[in-house]
Structures are given as C-alpha cells and as structure tokens.
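# A structural walkthrough
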Amino acid sequence: MTQNNPEFQSASLDAWAKAAAKSAPAGDVNALNWLTPDGISVKPLYTAEDTKNLPYTNTLPGFEPYLRGPQATMYAVRPWTIRQYAGFSTAEESNAFYRKALAAGGQGVSVAFDLATHRGYDSDHPRVTGDVGKAGVAIDSVEDMKILFDQIPLDKVSVSMTMNGAVLPVLAGYVVAAEEQGVSQDKLSGTIQNDILKEFMVRNTYIYPPGPSMRIIGDIIEYTAEHMPKFNSISISGYHMQEAGANQALELAFTLADGKEYVKTAIAKGMDVDGFAGRLSFFWAIGMNFYLEVAKMRAARLLWCRIMKGFNAKSPKSLMLRTHCQTSGWSLTEQDPYNNVVRTTIEAMAAVFGGTQSLHTNSFDEAIALPTEFSSRIARNTQLIIQEETHITNVIDPWAGSYMMEKLTQDMADAAWAIIEEVEAMGGMTKAVDSGWAKLKIEAAAAEKQARIDSGKDVIVGVNKYKLKTEDAIEARDIDNVAVRVSQIARLNAIKQQRDAAQVQLALQAIEEAAASGTGNLLDLSIKAVRARATVGEISDAMEKSFGRHRADTQKVTGVYAAAYDTDATDGDTMDYWNALKAEIADFATEQGRRPRVMISKLGQDGHDRGAKVVATAFADLGFDVDMGPLFQTPEECARQAIENDVHAVGVSTLAAGHKTLVPAIIAELKKQGADDIIVFVGGVIPRQDYDMLYAAGVKGIYGPGTPIPVSAKDVLKQIKAALK
C-alpha cells in the first residue's frame, strides 16, 4: 500500500489521532485546535483531505486570481521596494534623514507628516501648539516641500505620502515642488494614501464630512489618471485598522469594502474602470499572527480579483491587487525593547511570504519615541538581510501547496467575504462608517485583545511573561516642538510677504466656489493655488467654508473587556485582583455617594484613540463612571469639560509626542479655573526620560505601553482617594 493511496492516508491519520490523543489535554485531539481572533479554527495537522475541494490550489503567479502574486516572476527577478516611513521636525531634518536612508540601501521615500499638516492647519494656528513637527514633518507650503525633496531626484525616486485629510494641498505641493525641480507630472511615481473612509473608522485625521471627502477622492483619481499615469492615486489602507484593534479578517474585509466604495465613486464621475483601477494600491499591517498574515495577503488578491470582475474590469492591471506593507507598531513593546528587533523580523518575513510589493520595517524604539538613526538602520538592514542573504527571493510563493496555508487562505477569504456581504447589505462602506457600526466592531476587537493580554491569555514576552527585573534606559529621539514651530512661523511669514496676495486670493476663491458648486477639479485648482504660494491651511480653509469640518460622535463599547477578561484569565490570582478591585470601587461609591468619575481625553490633533477607547471600556467595566472627551480638544476645552462634568480625574491618552507641551497645559488650566483638586494621569507612548518632568508638572500617574489596565485603574483610584482627604 503506497503513501499516495487514500486508504493508506486514512489509516495513517487514524494512527496519528490515537498517538496525539495520548498527549492532548483530556485525550482530545480537538483541544489542540487554535481558535483565532477571527473565529477561524486552526488545526495542529493538515493533510491532502483539507485541500481536495479548494478551487484555487493549481493557480500560477501573475495569472487570475493572482492568489500566488500579481507578477509572474515576483522576487526572483525584482525584490520588493525597501521603504523607510519617516518624517520629523523640519523639512531640512527630514530631508537629511531621507538622503542618508537612500544612500544606505533605501529604495523609496515614505513621508510622515505632522498632525497639524494632516488636519489642514498651518503651524501658526492656535490649536496646534503641541503638534508641530512632533509625529512627522511640518509642511505649510511648497517651499517646505521643495526643501523636503532637495537633491532627491523625483523622476527616479518613488514617493509614498501618508496623507488623507489635507490630501489636496499636500499632493499639490509635491507636484509643484517636482515641477520646480524640472520634473513633469507624467514622470512622477509613488503613492498618495488618500483613504478617507479609514480615517472616519480609526485614525481620525479627517477634515471634512464623508460626502465632500469622497468627492475629493474622485477628483484625485480623475486628475492623476489623466496627468500622472505612473502615480498611484490611492492606497487603500488596512494598516491603521489593525493598529486600532481589528483582527485580520476585519482588516481584510473593511479594506476591500473601502476599495469597492472608491471604485464606485470614480465610476460615478463617468470614468471607465480600466482607466483608473490599475493605479489603485493597498496597504496592510503585518502583525505577529504569522500564518494569518501570509494567508490574509494571499486571500486579499483572490477577493480583489472577484470584486473587480464584479465591476466588469477587463485589464489584468485592474484585477491584480498590489500592496505596500508595514510591520506592526502596536506589537512593539516599551519593556525589553530589543525584543522588538525579533518581532519586526518575523513580521517582515510574513509580509515577504505574503507577496508584498514594498515594505517598511518599524524600528525597535517606536513604542518609546520617534526612531533614532541607529534603530532605523537596524530596521532597514532587516530587509536588506532578507533580500541579500537568505535566498528567500529565489522561490515564488513558497507556501503554495501547503495543506495548512491553502486551507487557511480559503478560510480567511470566506471569513472576510461574509463581512463584506454584511457591509453591502447596509448599503456600502460609506453607510457602514457613517452609522458608527464599523468603528465599534474594531473597538470591540481591541478591547477583547487587551483583556486577553492583561489576563495573561495572550503572552507578550517581556511584558506579561519573562519580565526583566530592571529596564535599561535607551536613547530616544526628542523633538523641540517650540523651536520647530517658531521656524515654521518665520517661513510662513516670509512667504506671505513675498507672494502676490491678489493672485493667491483669486486662486483660493476659485477653490471655494468649486467646493460650493460641485464643479471643477479640486486637485487641479489646488495645484494652481500652490503655484501662487497659497498655504496648506489657506487651501483647507477655502474648502471648509463650503464643506464644514467633521466632528465625530463619541461612542464607546461596554462589557466587552470584562467579558473577555473573565473568560481568558489564566489563574486565580488574576481574577482575585479583578474582583477585589471591583469591590473596592463599589465601596468607594457607598462611602462617597457616587462612583469614582474619570474623563478620558485626547489633546491636540492626535486622533489615534485605540488606547483611550480601551481604557474607557475597561474602567467602565470595573465600575468607574467614565466620560469621553471629544477628539482634538485644547487644554482649555478639556479643563472646562472636566469641571462641568465634576470628575475626580482626567486621563490623557497620548501617542504623538505632544505630552511635554499639552499635559502641563491641562494641569495649569485646571489650576487657573480653580479645579486643581482634579488629578491628572497620563498613558501612552511616553519616553521614561520625560517621566520626571511630567511628575514635576503635577501628573499623579504615568502608565506606559504594557501596563495592565486593572493595575493602572487601582492606582488611579488610590490617587483619587488621596486627593479627597
């Protein structure tokens, strides 16, 4: 009886099951199955039986449905592009970083803009005092953009720009900077993110409401299809969804559903699908679920081909999904941070095995601060080593034919497709986003994940297991926000003195009228305004007069953290701690006549609210009264709301490095308004070198990445009790 004989295989599988049962829990082989966060059951053993009915196991790379890759030869001829997503401080500093990275093996530039730029504010606006130059480079005009790309030949180097809210003035600035470098629009290559639906779900760097925002996307797709044939007009991003807490199936489904919505928008403008679809690209997060990430990328190509066939697309370029990937920032830990080098390497391998077209690897210190040149070099070299030393690139889709991977790819595709059909039943992704349903789905997944970590169910090495007794300090990059803002304002003033004010006013008026009437192409008009030296803030304001500025409803999920914590707690001590803390909070309510009340706030223009929402959910599940401040508050607005709501404490969630400016400001404002009995605590990405400064300013508790929420909650309760004495 040969090994290929079905009877032999069946007998062998029975024998394996009996052998495995001897060491399986309670003698049950099924107990070895892993149920993923996506609801997919992954078995410890796969055989030919698992793949015999799958429809796509004999496909080839470069051919429909592109499951094995969009190109026939993939990395065997040309490896993926190595990108380094970066931007900080001034255009001069970021330009120096880009040039060094390119000289050291980088193959493209990926620009991170500061939050003031993302939200369409010039650096002199009073709402952005703590944000200028902190989490990206400050860009106010084409003069900044020209400095950013100085001595970088834009006809040879592709540029990726993560920009969504202020996408029109930023893309226009890039086009005009290239023109003044002598590079015409048709020679420009790269990608603009331009994915606003994702912003309304998770990242929140929007400016205008959904309707006008979708019009802007249509105008950009239309203009670039005609004038910039080598440039990708949109990068449909799942990255920020996973960073906000989405599991792989949610990330895959919502991202493809967003893409479907953008295609509908372009077609509604009268465009032929094959005239623009070939320049759409995607952007995935790659986290630590290694198998799921490889399967997700293979399933994505399969499903996108199916979606585009539904639009009657004929061109192979319209049917194939091309993608950029970035290793996870959320998986990086502040504790024992050199472990992050290993995490990033594993995630990079998953991206490569999944068939990415370009890749950014995060630096090991990004859970602490912006990366240094030292950490960036390690991150970049991680990719160079995979490309140059491992010979991984010599084989196209090496996972093809794996019983496990082929079945997992189909399972992932099926799970995502079910969600896409649910979205379609709502009327499409715009309606799913507008209703808040999509955002709440991601927030629930984030709360569940945090509960699994805090309860010990999911192991994070160095954080909830194998912890170091003492942590050595590492060098962290620090940006002088005040100095950057001063230099940006000086340049802004100089531009306004030198330009033709009447010409600028005419260009801005044309944008305002086009926004109001629905006629004209807003990118074309923005390019004309930038040539006249209109600023990012002025162009954004011209559209805001007609479009308005979007303000999101503040919602939070409840009960999710507690349910997952109760289910996943790994030992009695963990549950005893949780139950004792709930009892202590109940006792406080009895003694004080009300429950401890906290307000969770985001200050400045930082819209990353995963941490804030998870903390709010967990504190509420423990028994706190929890208020959520709206996004983008100033310290004055936050203090006023805290006083009006009569809270005991304000918790500031920070991710974008504005804490040194904004946290002392909220403490000073509470004191100014006669409410210095309200304590202030801080959580998020905060370098330890800043702790003493924050404590000296009056902060009562600092809870960095990896702090279990019950531990921080107990300390906050202790501080509230002390303040009441």
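Residues numbered from 1 in each chain as written. Predicted model: local features only at pLDDT ≥ 70, side-chain atom pairs only at ≥ 80, totals over all residues. Heavy atoms only, no water.

### Describing the overall build of the protein
Where we set the bar: Numbering goes from the N terminus for both helices and strands, where a helix is a DSSP run of H or I of at least four residues and a strand is a run of E of at least two. Based on C-alpha atoms, the radius of gyration is set beside the globule rule, defined as 2.2 Å times the residue count to the power 0.38. Partly exposed residues are those whose accessible area sits between 20% and 50% of the maximum for their type, while under 20% is buried and over 50% is exposed, using a 1.4 Å probe and protein chains only. Throughout, a contact is declared for two residues whenever any of their heavy atoms are within 4.5 Å. With residues, only the protein chains shown are counted as cover, and all accessible areas are computed by Shrake-Rupley using a 1.4 Å probe. Two residue types count as positive, namely Lys and Arg, and two as negative, namely Asp and Glu; His and chain ends fall outside the count. Working definition for charges: the position is that of NZ of Lys, CZ of Arg, CG of Asp or CD of Glu.
Looking only at helices and strands, the protein features 28 helices and 16 strands. Here the C-alpha atoms of the protein give a radius of gyration of 26 Å, agreeing with the 27 Å that 2.2 N^0.38 yields for 725 residues. Seen through its C-alpha atoms, the protein measures out along the principal axes to roughly 90 × 70 × 50 Å. Counting every position in the protein, which comprises 725 residues, the buried fraction comes to 59%. Long-range contacts, defined as pairs at least 24 residues apart, comprise 79% of the intrachain contacts of the protein with a sequence gap of at least 6. Entry remark: accessible area of the protein is about 28,100 Å², with carbon and sulfur atoms responsible for 51%. On the protein, the mean spot of the 73 positive side-chain charges and the mean spot of the 89 negative ones are 2 Å from each other.

### A few points about the pairing of strand β5 (residues 159-162)
Side-chain direction in a regular strand flips from residue to residue, so the side chains alternate between the two faces of the sheet. Our working rule: A strand pair is defined by DSSP finding two or more bridges across the two strands.
In β5, alternate side chains face the same way, and those of Val-159 and Met-161 on one face and Ser-160 and Thr-162 on the other are all buried. Here strand β4 (residues 108-112) pairs with β5 via 4 bridges, running parallel. Its bridge partner being in β5, Ala-112 is matched across the sheet by Thr-162. Bridge analysis of β5 against strand β6 (residues 190-192) gives 3 bridges, and the strand direction is parallel. Within β6, the position partnered with Ser-160 by the bridge is Thr-191.

### Points about the packing of aromatic side chains
Any pair of aromatic rings gets described here by the distance separating the centres and the angle formed by the planes. Defined as follows: Each Phe, Tyr or Trp ring (for Trp, its six-membered ring) is paired with any other whose centre lies within 6.5 Å, and the angle between the two planes then decides the class: stacked below 30 degrees, edge-to-face above 60, tilted in between. By the criterion adopted, a ring carries a charge over it if an Arg CZ or a Lys NZ lies within 6 Å of its centre and within 35 degrees of its normal.
Taken as a whole, this structure holds 22 aromatic pairs when the rule is applied. Relative to Phe-231, the ring of Tyr-174 lies with its centre 5.7 Å away and its plane at 35°, an arrangement referred to as tilted. One end of the pair, Tyr-174, is in helix α5 (residues 167-181); the other, Phe-231, is in strand β7 (residues 231-232), with 57 residues separating them in the sequence. The pair formed by Tyr-174 and Phe-231 is uniform in burial state, with each residue classed as buried. Between Tyr-291 and Trp-399 the ring centres are 6.0 Å apart and the planes differ by 75°, which places this aromatic pair in the edge-to-face class. Residue Tyr-291 is found in helix α11 (residues 290-310), and its partner Trp-399 is found in the loop between α14 (373-389) and α15 (403-426); the two are separated by 108 residues along the sequence. Within the aromatic cluster, the residues linked to one another by ring pairs are Phe-290, Tyr-291, Phe-353 and Trp-399. The ring centre of Tyr-46 lies 5.2 Å from the NZ or CZ of Lys-43, which sits over that ring. Looking at Arg-306, its charged tip hangs above the ring of Trp-417, at a distance of 4.6 Å from the centre.

### A few points about a nonpolar patch on the surface
Going by this rule: Residues enter patches when they are more than 30% accessible in relative terms and free of salt bridges; like-charged ones are connected within 9 Å and nonpolar ones (Val, Leu, Ile, Met, Phe, Trp, Tyr) within 5 Å. The rule for a salt bridge is simple: a side-chain nitrogen of Lys or Arg has to be within 4 Å of a carboxyl oxygen of Asp or Glu.
A grouping of Leu-13, Trp-16 and Leu-45 is seen on the molecular surface, where their side chains present a nonpolar patch of about 220 Å² in accessible area. Along the polypeptide, Trp-16 turns up in helix α1 (residues 6-21).

### Remarks on the sheet that holds strand β14 (residues 649-654)
Quick note on the threshold: Every angle, taken between N-to-C directions, lies between 0 and 180 degrees, and every axis is a line fitted to C-alpha atoms, over only the stretch in contact when it is a helix.
Pairing is parallel across the open sheet formed by 5 strands, whose spatial order is β13-β12-β14-β15-β16. Pairing within the sheet leaves two strands with one partner each, and these edge strands are β13 (625-628) and β16 (701-703). Ignoring which end each strand starts from, the neighbouring axes of this sheet average 20° apart. Relative to β13, strand β12 (residues 597-601) runs parallel, the two being bridged by 4 bridges. From the neighbouring strand, Met-599 faces β13, where its bridge partner is Asp-627. Contacting β12, β14, β15 (679-684) and β16, helix α28 (residues 709-724) runs over the sheet at an angle of about 165° to β15.

### Structural notes on the nonpolar core
Note on soluble globular proteins: their nonpolar side chains tend to be buried together. Test applied: To define a nonpolar core, start from buried Ala, Val, Leu, Ile, Met, Phe, Trp, Tyr and Cys residues and group those joined through side-chain atoms within 4.5 Å.
Formed by 87 residues in total, the largest nonpolar core has its most connected members in Phe-254, Leu-256, Trp-284 and Met-429. Setting aside residues no more than four positions away along its own chain, Met-429 makes contact with Leu-197, Met-201, Phe-254, Ala-257, Asp-258, Glu-261, Val-423 and Ala-438. In this structure, Leu-168, Val-170, Ala-172 and Ala-529 belong to the second largest nonpolar core, which totals 67 residues.

### Section: the packing of helix α7 (residues 210-227) against helix α20 (residues 522-531)
Note the cut-off: To sort the angles, those under 35 degrees are grouped as roughly parallel, those over 145 as roughly antiparallel, those from 65 to 115 as roughly perpendicular, and the leftovers as oblique. Residue type decides the class: Asp, Glu, Lys and Arg count as charged, Ala, Val, Leu, Ile, Met, Phe, Trp, Tyr, Cys and Pro as nonpolar, and the leftover types, Gly among them, as polar.
Their axes nearest at 7 Å, the elements α7 and α20 cross at an angle of 80°. With respect to each other, α7 and α20 are oriented roughly perpendicular. When α7 is examined against α20, the residues Arg-215, Ile-216, Asp-219, Ile-220, Tyr-223 and Thr-224 are found in contact with a partner set consisting of Leu-522, Leu-523, Asp-524 and Ile-527. In terms of residue class, the contact of α7 with α20 is built from 6 nonpolar, 1 polar and 3 charged.

### Notes on the pattern of salt bridges
Under the counting rule described, the total for this entry stands at 46 salt bridges. A salt bridge links Lys-264 to Glu-261, with the shortest nitrogen-to-oxygen separation between them at 3.8 Å. Of this pair, Lys-264 and Glu-261 both sit in helix α9 (residues 248-268), 3 residues apart, which is roughly one turn of the helix. Relative accessible area serves as the criterion here: at 10%, Glu-261 is assigned to the buried category.

Geometric values such as these leave the question of function open.
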